[in-house]
Amino acid sequence: MSAMTRPPESRRDWLLSDAPQTRRQARLGAIYQGWLTFRANRLAMVGLIVLVVLIGMAILAPWISPQNPYAQNLANRLQPPSAAHWLGTDALGRDILSRLIHGSRITLFIVGTVALIAPVIGLLIGTVAGFAGGWVDQVLMRVTDIFLAFPKLILALAFVAALGPSIGNAVLALALTAWPPYARLARAETLTIRNADFIAAARLQGAGRLRLLIRHIWPLCLSSLIVRVALDMAGIILSAAGLGFLGLGAQPPLPEWGAMISDGRGYILDFWWVAAMPGIAIFLVSMAFNLLGDGLRDVLDPKGDKS
Amino acid sequence: MLNVDDLSVWFGQAPDRVTAVHDATFDVAPGESFGLVGESGSGKSTILRAIAGLIPGWSGRIAVDGQAQAGDRRDRAFFRTVQMVFQDPYASLHPRHSVDAVLAETLRLQGMDRIDQRIVTLLDDVGLGRGFRFRYPHQLSGGQRQRVAIARALAAEPRLLLLDEPTSALDVSVQAEILNLLADLREEHGLTYLMVSHDLSVIAHMCDRLAVMQQGRIVEILPAARLRQGQGSTPYTTQLIAASAGYKAEVARPLRWPPKTGH
């Protein structure tokens, strides 16, 4: 604005101003508001911290892992947790901690890719079906129903069996089986939004269907989708671990967490740590995503008016 | 400015089709302010929506500026001539678009230039000022939201404004402000109003002529002066006027619909 001398205001006041001066200030202010809401939820913060640690672990894996995750040492096999091997060693004498740290990369890869593919497919199909209505809606929703009719893991198994077992194919299979609930959700949201007055108002300004879909409907569907994705992440990690456990996901010697549990299955009674350690890791990350999802719901819920 | 002939509007498909408006005919002259009054469900808002192209199922003739309209398709020229202000300002603003985003998008869609300047002018016009430019709807009161909705309707510099009960969702104290704003804007911009309301005093204050509607039909068209004097020529209008003057049991009884039997 002008070169007025205003009393100095703190950054916090600037962000929380209810009369922002610029587009940027308004946007940053809205983000900051959301952050404050999120921060007030202790458990969600715990989830966020666990995930930040996980991401840091994945990035720094080669530097922070105490040993080579692939180095076998048969003389040292099935050692219990000790000072040398904090989480013990597995059946081939590999350090479990190092394998977990490297495995976090695989977990993040799975989660990230599925989280990118499935909701996008779901959003596209759901909003188009809800907005277009008529036979387009019928066709798209019946296809969705077909996918929903199969248990997720069975369908993913079929996909992987057809495509060949590998971590990439497992991710693809999970993404292809995970989208139908998102499509349903997006369609339901679209149906409630499409007859809203603000859509009518935009139509009266000459907004085309594509613009209405992308600029007006997507932003409102997105928040509930994001929350849903965060809550589903745990399920996706478990499915990926399940595929790994069945030998259809990551192939040995990749340190995928599910595959590691599968490796430890034979010794689970005598050498519990081989299966328990990756199990605990999966549990922690799944729970972190659930907590995060809960916090995001508070922040993003479009009905929860902040004023 | 606006000619409506034998307009019938319906919802749904043939077997369970509901006709909301029957054979409505009225004309609005340029610069005039025309009111539609009636009880809820009498089809007054439906007429507005059909004119605006938000309802596909209608028959008869709707002509704006002599241009006959068809179905729910409207061209750019129509959107630049006719705009609408909706009843509920809480539902008519996108919850995730700031005031700036709403107005900028509208101006861009309407092919306007100098968008930044126009936004400031529009906000001044509706009495909001630039401090409100980057706020989101949830940071605004009902009256402020309705002002934003009016600014959005004015962005294209239309000549005919369709007002769908623009004050009925607002507090009584704010209603007068918005009505005065609308009256001032009409004078400044030479606008034509087609205003729907169930509130006779609002119509009497704002309009030159009005049509009284009952169960989807126009019962009577009369000048607002007659309304202010409390003279209707049909029994329904007389009842409506009497009813709005205050609650009286003997007035309310014959108004009830469907008529209660027994007792």
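What counts, and where the lines are drawn
Residues numbered from 1 in each chain as written. Chains lettered and ligands numbered in written order. Predicted model: local features only at pLDDT ≥ 70, side-chain atom pairs only at ≥ 80, totals over all residues. UniProt positions renumbered as here; feature names shortened; annotations may be inferred. Helix = DSSP H or I, 4+ residues; strand = E, 2+ residues; numbered from the N terminus. Rg over C-alpha atoms; globule rule 2.2 N^0.38 Å. Buried ≥ 20, exposed ≤ 12 C-beta atoms within 10 Å, placed from the backbone. Contact = placed C-beta atoms within 7 Å. Nonpolar A, V, L, I, M, F, W, Y, C, P; charged D, E, K, R; others polar. pLDDT = per-residue confidence, 0-100. Core = buried A, V, L, I, M, F, W, Y, C linked by C-beta atoms within 7 Å. Pairing = 2+ DSSP bridges. Axes fitted to C-alpha atoms, helices over the stretch in contact; angles between N-to-C directions.

Per an unreviewed UniProt entry, chain B goes by Glutathione import ATP-binding protein GsiA and derives from Paracoccus hibiscisoli. The UniProt entry for chain B carries the following text under Function (unreviewed entry): "Part of the ABC transporter complex GsiABCD involved in glutathione import. Responsible for energy coupling to the transport system." The UniProt entry for chain B carries the following text under Subunit (unreviewed entry): "The complex is composed of two ATP-binding proteins (GsiA), two transmembrane proteins (GsiC and GsiD) and a solute-binding protein (GsiB)."

**Brief notes about the overall build of chain B**
Regarding its fold elements, chain B presents ten helices and ten strands. Relative to the compact-globule value of 18 Å for 263 residues, chain B shows a C-alpha radius of gyration of 19 Å, a close match. Its C-alpha atoms give chain B principal-axis dimensions of about 65 × 40 × 35 Å. Burial status across chain B gives 44% buried among its 263 residues. For chain B, the proportion of contacts with a sequence separation of at least 24, taken over those separated by at least 6, is 64%.

**Some words on the overall build of chain A**
Along its length, chain A carries eleven helices and zero strands. Each helix (α) and strand (β) of chain A, taken in turn from the N terminus, gives the series α-α-α-α-α-α-α-α-α-α-α. By principal-axis analysis of the C-alpha atoms, chain A measures approximately 75 × 60 × 25 Å. When each of the 307 residues of chain A is scored for burial, the buried share is 39%. Restricting to contacts in chain A with at least 6 residues of sequence separation, those with at least 24 account for 67%.

**Concerning the interface of chain B and chain A**
For interface size, the figure often reported is the accessible area lost on association. Counting residues at the interface gives 27 residues for chain B and 24 residues for chain A. Those elements that place two or more of their residues in the side of chain B that touches chain A are α2 (76-81), β6 (82-85) and α3 (99-109) of chain B. In terms of residue class, the side of chain B that touches chain A is made up of twelve nonpolar, nine polar and six charged.

**What about the confidence of the model for chain A?**
Per-residue pLDDT for chain A averages 86, and the proportion of residues at 70 or more is 95%. Of all helices and strands in chain A, the one with the weakest mean pLDDT is helix α1 (residues 11-16) of chain A (82), whereas helix α5 (residues 134-149) of chain A scores best (93).

**With respect to the nonpolar core**
The biggest cluster of nonpolar side chains holds 148 residues, and the ones touching the most others in it are A:Leu174, B:Leu162 and B:Leu194. Among the elements that make up this core, the one with the highest residue count is helix α9 (residues 209-245) of chain A (15 residues). If we skip the residues at most four places from it in the chain, B:Leu194 touches B:Leu2, B:Val28, B:Phe34, B:Leu48, B:Leu160, B:Leu162 and B:Leu163.

**Concerning the UniProt feature "domain: ABC transporter" (unreviewed entry) in chain B**
As annotated by UniProt and renumbered to match this structure, "domain: ABC transporter" (unreviewed entry) occupies residues 2-240 of chain B. Structurally, residues 2-240 of chain B comprises 36% helix and 27% strand, and the distance from its first C-alpha atom to its last is 26 Å.

**Examining the sheet that holds strand β1 (residues 2-11) of chain B**
Residues and elements named next belong to chain B. Read from one edge of the open sheet, four strands run β2-β1-β4-β5, paired in antiparallel fashion. Sheet topology places β2 (18-28) and β5 (67-69) at the edges, where each strand pairs with a single neighbour. Across the sheet, the axes of successive neighbouring strands diverge by a mean angle of 20°, strand direction being ignored. Here β1 pairs with β2 via seven bridges, running antiparallel. Within the sheet, the bridge partner assigned to tryptophan 10 lies in β2 and is threonine 19.

**Focus on the sheet that holds strand β8 (residues 192-197) of chain B**
Residue and element names in this part refer to chain B. Strand order in the open sheet formed by six strands is β6-β7-β8-β3-β9-β10, and the pairing between neighbours is mixed. A single partner strand is all that each edge strand has here, and the edge strands are β6 and β10 (217-223). Direction aside, neighbouring strands of the sheet carry axes that sit 20° apart on average. Each of β6 and β7 (160-164) is contacted by helix α5 (residues 142-154), which is oriented at about 175° to β6, the strand it contacts most. On the sheet, helix α9 (residues 235-245) packs against β9 (209-214) and β10 and is oriented at approximately 100° with respect to β9.

**So, the environment of A:Gly247**
Following the sequence through the fold, A:Gly247 ends up in the loop between α9 and α10 (257-264). Contact partners of A:Gly247, with chain neighbours within four places excluded, come to A:Pro165 and A:Ser262.

**Some thoughts on the pairing of β7(B)**
All names here are of chain B. Where burial is concerned, most of β7 is hidden: five out of the five residues are buried. Across four bridges, the pairing between β6 and β7 is parallel. Within β7, the residue paired with glutamine 83 across the bridge is leucine 161. Sheet topology places β7 next to β8; five bridges connect them, and they run parallel. Bridge pairing in β8 links leucine 160 to threonine 192.

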